[in-house]
Every structure is written in structure tokens, then in C-alpha cells.
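# Summary of structural features
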Amino acid sequence: LESLRQVESDVFKGHTIDTTWPVEEGVDGLEKAVERICAEADDALAGGANILILSDRAMGPERVAMPSLLAVGAVHHHLVRAGTRLQAGLIVESGEPRSVQSVAVLIGYGAAAVNPYLMLATISELVREGRLELDAEEAKARAVKAVGKGLLKTISKMGISTISSYCGAQIFEAVGLSTELVDKHFTGTPSRIGGIGLAELAEGALLRHARAYPGVAGELLPVVGLYAWRRDGEHHQWNPDTIALLQHAVRGGGAKTFEEYSATVNAESARRSTLRGLMRFRTRADGGIPLDEVEPATEIVKRFSTGAMSLGSLSREAHETLAVAMNRIGGRSNTGEGGEDPVRFTDERRSKIKQVASGRFGVNIDYLTNADELQIKMAQGAKPGEGGQLPGHKVDRYIAGVRFTTPGVGLISPPPHHDIYSIEDLKQLIYDLRCANPEARISVKLVSEVGVGTVAAGVAKAGADHVLISGHEGGTGAAPMSSILHAGIPWEIGLAETQQTLVMNKLRDRIVVQTDGQLKTGRDVVIAALLGAEEFGFATAPLVVSGCIMMRVCHLDTCPVGVATQNPALRKRFSGKPEFVETFFTYIAEEVREHLAALGLRSVAEAVGQAELLDTSRAVQHWKAQGLDLSPVLHVPDLPEGTPRRCVTKQDHGLEKALDNELIARADDALQSGRPVRFEVPVRNVNRTVGTMLGAEVTRRYGGEGLPEGTIDITLTGSAGQSFGAFLPRGITLRLHGDANDYLGKGLSGGRIVLRPALQARLVAERNVIAGNVLLYGATAGEVFVRGLVGERFAVRNSGATAVVEGVGDHGCEYMTGGTVVILGPVGRNLAAGMSGGTSYVLDLHEARLNREMVEVEALDAEDLDLVRHLVGRHVEATGSTVGAALLAAWEDDPGAVGGRFSKIMPRDYKAVLEARAAALEEGLDADGPEALARIMEASHG
């Protein structure tokens, strides 16, 4: 930084701008200081400077530092308006940045570089005091690396690949900043509810300054407690008082204790932490209606569901407790994206909501057919835009079995944009799931953010029955800190936008709307209903009821109460019971009834969308709340009387037109008695998801095992549409003579797909693309043989299928967790990115195209060669491949030469686990015993 500050040459000239102001100027000094730094930037550029360093180094007892983001935003937009922004780069020299988010927003609003000098100085001090066992330079390098990795995560979930594209891109939404402040200094940033301006920012800066220079020697700085509760720190909605009261209430404390809990949550001082806390009900002056005229609690609880918390993130005991409780009260529990043990499908541990993200952990046709609702995870409240991660030490043998993966190997869930690029792709996935389970309701989970209403309208038009608007407050201690505090916005804003958009576009009548995100009391539920929600999700609260004490160590597998751990010793401490969860929801429903009665409403259905029954005038008195304007949230569109504000119709999904109806009819002998059938049918690209309804019928009759191999053998000629053979179960073979679109073999569940050019086609198969992108996404079992080239992301998230193909595009074998892939031709870039399991064999590998972050390359041993030769032989037999036939012929002549052309790609962790398991077996250990498993898990942590 000093080099840049002092440089003065024909190319560069630096200039430092002081971003502090005198304490004596008080609140008014900030505005003058902002004007001064903008004017100084103009003068510096006129003087030839092209590096502007915005520095708060001058801060001291007499000078206050302005917020570094304000300084950057003000100068950036001032220069944009002046037409001189491209003449200079902005550098921030500040003691304020100390987290991923703080650096991300500075870059996002125009900073080309950041010098967090206080963070670096603090690390040096920790080393000097002996509190870090590192040298200062290494410690600082680690901190910088950590921030860099966090920035990569942050920009990648926006689909951005370079930091230069992120610089000045302003991909943020403001919550609680005044329109005047945003328009001038953060121009173009959405800020929909108003809020604080320069005066309040100055007041906050002066308060912080007073704490730093209190005038009393030795006074300690306060413990802020942003991430974990501290007695004198930041207010947390879940704190020792609310946790203790709630757990006592459901464990025998009774309704009075629950009322005390609810009063604590709804107290004015606590309500300041949520937008709904700033609202109040417009209750009827006459006291409303008698309570006994309101629908019973037993009906209201049917609108409740538990959040999408996976088996694996939660212990088996906690996950099953929630499922049992919700089934008993008529509500719904959600599997999360970790799958569900098939033994639960037929008892009260069954989760009615099965979550999928196309095809991920544990998603196969058996899973899909055993659901009342299939929820597409487009986003999650805790980590909007990110995929989840489950560390290897939480993947024990049971969890690995449910997820079709390897014990001890960490699991990465790819972000949604790896398979859903557009609303058309989402529409296709909705149709896929509809075919896999025609009786299930199809839901799409979205995160509350600007524009979510437009997306929800697209979801309704795409044929979904249900949409979930997830708020920013959810999430366990497994979410990254930057996501817990800085991703997504309150559900109140997203829900209101969704309701208004759907109503104005005459779509509200065809889709059910749900919301979730730290719902805790009946008051929360009624406000959500008035803003447009018909159903309500609870996640953290049921966990607290089950024993969670918010230690925020979910990712470490050290949960002391057995809620979020796979450690057998800790799981024994789990004290939750389904009765506790049932009691909680009953208390919530009774509170809802009381609020409805006071509003003069007889049911939740009557309350949906009645936002005019909410008011914000003087709801909460606080100096920071005076500038808020919640009228956009409470707006009710001016539409004709009787316009539906909730779902009242059922969509026609057109499944009667599907080609599968003919396939089911012609396969009747196999379905009825298991007798083999073979037939041919033509196919066109308007025929989407061919084979899935047939596969669902097989699974409903014969379970997850399906039928014996080859029982149903169908040859199709022509061009197949999207998702050919999606979720195909064992016992069905689809032979396609022609070509296929995207998503062939998605979620393949044991079936067999053979793809080759049409018999009359005059083309060289190995030089032509015969199928589209994202093939075998989330496949768990089965075989695919493709004679020809395929598009991008082949075998992404493959968890167990075997495939042979003659060339792939970019990102092949991405995020694989199992299975075997043989590639007999060219590969695109980024091969094996995020691959944590399974094995790939590639002919004539171009190693520059391999992503080596998680994998290594080695030569094939004798066992590998036998396997590859066997698979190539089967490929030739199935497809008539000339490439395969030539290889087999060369193999006869010179086995060593052919074998030497193949490269084996295997994830390092996966390899280490397999070697540890083999060593344990050689020593005579029980491979599933605790000693062997401990060694196996340890092997994957290097």
C-alpha cells in the first residue's frame, strides 16, 4: 500500500483522501465530510492522480471514522455522475473491514483493493501475545486466504467468475436504508422499506467512537455477540430465556409457561429485531368474535410443516422425532436434501415432503413415489444461492447408505444453477417430478430477495402447485457466517412481493404460498397469513423444542444434546420426544385462534392476504426506526371485488397426453405378472420424460427393487425430448435409435439406457453430439451406453450409475460421489470438479483439462483394465460402437499399449477411504465396527 501511495510516475500517481471528521462537529460533520472527500477526489483527478486511497488512518480521540462503505459508495457514484470514474482506481485503507462480507461489499461498490490494517495488526498482536502458535506473516497470510476463499464463494453463487466483474457490480439489496441515502451514495441499489440516513449513520459512528475512547482508563470494550449470544451483547431471538421457557412449556410447564415464552418473544424490545415486530394488528373495536367460532387448532396445525433439515445434518433420532410428530398432528415434515431411509416409507416416521434438487443425495424413484409433496430446492434461507455441505466426519455408514455415497467422504451440494439455468429448465423438472409421482404436490423453494415475486409468477406458470418463500433468518450453525448474517432478506418483504405479484397477474388462485424463517409464535403465523401465506414452516423452533440449545457447532459433529450429530455417544443424549413437538404446534395454533378471533376472522383461510388488517403506525419506538416505511409491504393491489387472494383451483397438468400412457398399456403383462415384454415405438422431441411414469408404476407395484433385468425392453426411434429415462428403475431398458435432449438418465434408479444414432443416419457417431447437457444428473444406479458425443456436465452428481460415452463437453463428472464412468473420446475443460467419489477412466486424457483440486490421476492396474475392457465390450454389444470395436481389436494385439492410453481419475479422499477399509479388513477388523470406521473416517480428513 505504501508503494502505491508514494508512487508518482508517468503511469501511476497516488493520492490519499482522509475519511474521518472532527468529533466536535458531531452528527452534522458526516455530511460535510462526505462532500469534502468527493470534492477532493475531483481535485485529485484534475491533478493527474489515478489511484485514490480512501483512508481512516487519521482516526483518533479527536477524529471519527466514517463507515468505509459510505466513503467508497459516495466517491464511486460521485465520479460516475461526473463522468470521471474510469480515470481512477479506488483503494480502501480502513480498520473496519474484518469479514468476508465487509470486503465483498467494498469491492461490490467500487473498491479495487482493500487494506484491512486493523485486522492485520490484530493478528500480529495475537502472535506477539503468544495466543497464536504461528509466525505473524503466516497468520496474516492465512487470514487473507480465508477472506479470499469467502469472496470466491460469495461471487460464485451470483454466477460471477472474476473479481473484476464483481467490482462495482452492486449485487446487493439494502434493508433499512433511506431512499435519499441510497439514491445519492448507493445509486441503483434496491431499498424498499426506507430507513436510516446520514444522520443516523453519524450517530452510530459517534457511539462507536465513544466506546473506543470512553475517557475512563481501563474500561473494557463490550462483547458484541454477533454470532453467539452474550449477556450484554447483540439481541438474539433465541437466547437462554426464550429457549428455557419454550422447553419447559412443552415438557410439562403448560400453557401458562408458553404464554410467558410468547410474551418474551413478542416484547417490544425483542420485536425490534424483525420487520413483523414493527407491525401491529388492527383488531376490531368490538373485541372481535367468540373464540369458539374460530376453526379448531386441529385444523390449523395441518397448515404447519417442519423445515428442510437433512438426515445427516440432524441425527437420526431428531429427524425421525420431527416426522413422527408432524404425522400425528396431520402436518408435514420435510426430509431436507439428504434422502430418507426406505424403512421409514411405511410407518409414522415417513416424511410427507421429500426434497429434491433435481437428483441429489438419496433421490431415486422409490424416494419420489413415497411422497405427498416433492419440493424442488432452488434456494435455501440459510445459504441463498449456495449448495449445502456435509463434512466427512458426519458421513457415517448409515448416512452414506441413505445418500448413496462413501462413509467418511465430505459431500458438496452444487448450487442450483448447475442444473437449472432458466425458468424452462425449472418447468421441465416440475414435469419430471409430476411424472415420477402424479399424485404428489410439486413445490418450489425460493429465497426472499428482490424479484422473488416475478420468479414465483414464473413458478406458477411452470405448473408448480406450491411455492415456499424462505426468509433470511433460518439456518443452523452449519451455515457460513457470511450467509447467516448477510444473505437473503426478511420473509415479510419477499412474501408481500410474491402475494402482490401473483394477485396482480391473476395467478394467486392456482398456487399455494408458504413462508418460513424463524416463526416462533402465533403472532408470527397470523402476520404471515395476512401478508399472503397459507402454510407455515418451522425449523429452529421444533429443534429447540427437541432439545437444541443453539451451541452453533452443527458442522463440527459435537452437538452436546444429540440433535445435530452422528456421534453415537452424543446421540444417546437426545431427549426430544414427538409429544413435545405436538404440544408446541398445538400451543401455536391456539394462539393463532385468539388473534383470529380478535380480528373477527373465523379461519386462517379468511386471513390470507388481508394485509389491510396490519398497521405500522408507532408500533415500535426507536431512533433508528423512524425513517422506515412499510407501506410497500402492506400494499393491497386495487383489483375487482372477489379477486382470489389464496389458492382455490387445481391445475391441469396434461399427463393424459404423455407417451408413457401408451408404454404403460403395452407393458401391462410385465406390470401385472412380471412377464417379459418387448416392443418398439416412435418418439418425438415433444415427448418429454419418456419412461418415468412407467418407472413410477413399476416402483409402486414392486418397490425399490424394481423388476428383474430386462423385463421391459423398449426400442424407440426418433428424437427424444428432455429427461429421457429420468428416474428409470431396475427392470426397464430403453433403447433409443436417434438422439436425445438434455437430462437423459436424470436420477437413473437402476434402469438401462442405450443411445445410438438412427440406423439410417449417415454420420460418424464419435464426431457428432448425440445427446445434450446434464446427463445422468443424480443417478444412483443403472447403466448408460452412449455411442457418440454428449454436451456439458455429463454424469454430474452421479452417485452410482455406470456409463460409457465417446466424448464429453466441459465439467464432466462434476460433483460425482459414486459410480463408474468410461470416456472413450475427447473431454472438455474442468473435468472432475468437485468430484468426491466414484471412478472415471478416460482414453487419451488431455490433463490440462482436468480439475485437480480433489482428484488425482494414476495408471490402471490389472483389475481396472479388466473392468474397462468388460465395459467397452458391453458398450459395443449394446450400441455397435466402431470406436469400442477398434479398441477391443487393438486390445487383442497389444493389451499393454491400449491399457496405457487410459487414465484413472479418482478423488483423493475416496481413494484414502477405500485403502483404509481394505487395510482394516486385512487386519481382520469388522469393516462396519467402530475401530475400522474411525480409521476410515480419519483417512479422508487429510
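See the structure shown above.
### Quick notes on the overall build of the chain
The number of helices and strands found in the chain is 33 helices and 32 strands. Taken against the 2.2 N^0.38 rule, which gives 30 Å for 942 residues, the C-alpha radius of gyration of the chain at 30 Å falls within 12% of a compact globule. The principal-axis extents of the C-alpha atoms in the chain amount to approximately 90 × 80 × 60 Å. Within the chain, the fraction of its 942 residues that count as buried is 59%. Taking all contacts inside the chain whose residues are at least 6 apart in sequence as the whole, residues at least 24 apart take part in 63%. Charge separation in the chain, taken as the distance between the mean sites of 98 positive and 118 negative side-chain charges, equals 2 Å.

### Topic: helix α10 (residues 240-266)
Between the first and last C-alpha of α10 there are merely 16 Å, a value that for 27 residues lags more than 12% behind the 39 Å anticipated at 1.5 Å per step. At G253, α10 is deflected by roughly 165°, the largest bend along its length. Of the residues flanking the start of α10, the one acting as N-cap is N239, its side-chain oxygen 3.0 Å from the backbone nitrogen of D241.

### Remarks on the pattern of salt bridges
Using the criterion set out here, one finds 57 salt bridges in the structure. In this structure, the salt-bridge partner of R280 is D615, at a minimum N-O distance of 2.9 Å. On the criterion of sequence distance, the pair formed by R280 in strand β9 (residues 280-281) and D615 in strand β20 (residues 614-615) is long-range, its members being 335 residues apart. A relative accessible area of 11% places D615 in the buried class. A salt bridge links E612 to R645; the shortest N-O distance between them is 3.1 Å. Taken together, the residues E612 in the loop between α24 (604-607) and β20 and R645 in the loop between α25 (631-634) and α26 (660-666) connect sequence positions 33 residues apart. Residues joined in a network through salt bridges with shared partners are E856, E858, D864, K904 and K911.

### Let's talk about the sheet that holds strand β26 (residues 781-786)
Overall, mixed pairing links the 10 strands, which are arranged β21-β22-β23-β24-β26-β28-β29-β30-β32-β31 in an open sheet. Bordering the open sheet on either side are β21 (677-683) and β31 (855-858), each of which pairs with just one other strand. With strand direction ignored, the average angle separating the axes of adjacent strands in the sheet is 15°. Across 4 bridges, the pairing between β31 and strand β32 (residues 902-907) is antiparallel. Bridged to E858 within β32 is K904.

### Quick word on helix α16 (residues 423-436)
Taking 1.5 Å as the rise per residue, α16 with 14 residues should run 20 Å; its terminal C-alpha atoms sit 20 Å apart, in good agreement. Extensive coverage of α16 is indicated by the burial of 11 of its 14 residues. Looking at the buried residues of α16, the elements they touch are β12 (353-356), α14 (365-369), β13 (373-377), β16 (441-447), α17 (452-461) and α28 (692-702).

### Topic: a nonpolar patch on the surface
A contiguous nonpolar surface patch, about 410 Å² in accessible area, is contributed by V224, L226, Y227, M481 and L485. With respect to the helices and strands, the residue L485 is situated in helix α18 (residues 481-486).

### Concerning the environment of D18
Mapping D18 onto the fold places it in strand β1 (residues 14-18). Given the relative accessible area of 22%, D18 is considered partly exposed. When residues no more than four places from it in sequence are discounted, the contact partners of D18 are R36, I37, S55, A58 and R63. A polar side-chain atom of D18 sits 2.9 Å from a polar atom in the side chain of T20.

### Comments concerning a negative patch on the surface
Negative charge collects at one region of the surface, where D28, E31, E35, E180 and D183 lie side by side. Mapped onto the negative patch, the elements with two or more residues apiece are α2 (28-46) and α8 (179-185). Tallying contributions element by element places α2 first for the negative patch, with 3 residues. Along the chain, D183 turns up in helix α8. Under the relative-accessibility criterion, D183 is labelled partly exposed at 47%.

### So, unusual backbone geometry
Phi at T689 takes a positive value of approximately 55°, unusual for a residue other than glycine. As for its placement among the helices and strands, T689 is situated in the loop between β21 and α28. The backbone phi angle of F727 is positive, close to 60°, even though this residue is not glycine. Note that F727 resides in the loop between β22 (712-720) and β23 (732-740). F727 gets classed as buried once you look at its relative accessible area, which sits at 0%.

Reading the values: the criteria
Numbering of residues starts from 1 in every chain and runs along the sequence as written. Where totals are concerned, whole chains, interfaces and linings use all residues; where local detail is concerned, this predicted model gives features only for residues with pLDDT of at least 70, and gives and counts side-chain atom pairs only at 80 or more. The basis for every side-chain value is the complete set of non-hydrogen atoms in the structure, without hydrogens or water. In DSSP terms, a helix is any run of H or I states spanning at least four residues, a strand is any run of E spanning at least two, and both are numbered starting from the N terminus. For the radius of gyration, the atom set is restricted to C-alpha positions; the globular benchmark scales as 2.2 Å times the number of residues to the power 0.38. Buried, partly exposed and exposed residues are distinguished by accessible area as a fraction of the type maximum, computed with a 1.4 Å probe on protein chains only: under 20%, between the cut-offs, and over 50%, respectively. Residues are treated as being in contact if the distance between any of their heavy atoms lies within 4.5 Å. Positive residues here are Lys and Arg, negative ones are Asp and Glu, while His and the chain termini are left out of the count. Where a charge lies is defined by one atom per residue type, namely NZ (Lys), CZ (Arg), CG (Asp) and CD (Glu). To estimate the expected span of a helix, subtract one from its residue number and multiply by 1.5 Å. What the bend at a residue measures is the angle between two axes, fitted to the seven residues ending there and to the seven starting there. Within 3.5 Å is the distance limit for a polar contact, defined as a pair of N or O atoms, with the added protein rule that one can donate a hydrogen and the other accept it, and that residues adjacent in sequence qualify only through two side-chain atoms. A side-chain nitrogen of Lys or Arg and a carboxyl oxygen of Asp or Glu constitute a salt bridge if their distance falls within 4 Å. The pairing criterion is simple: DSSP has to find at least two bridges between the two strands. Here the axes come from fitting lines to C-alpha atoms, over the contacting stretch only for helices, and the angles between their N-to-C directions go from 0 to 180 degrees. By definition, no residue in a patch forms a salt bridge, and every one has over 30% relative accessible area; like charges are joined within 9 Å, nonpolar side chains (Val, Leu, Ile, Met, Phe, Trp, Tyr) within 5 Å. Exposure was quantified through the Shrake-Rupley algorithm and a 1.4 Å probe, taking into account, for residues, occlusion by the shown protein chains and nothing else.

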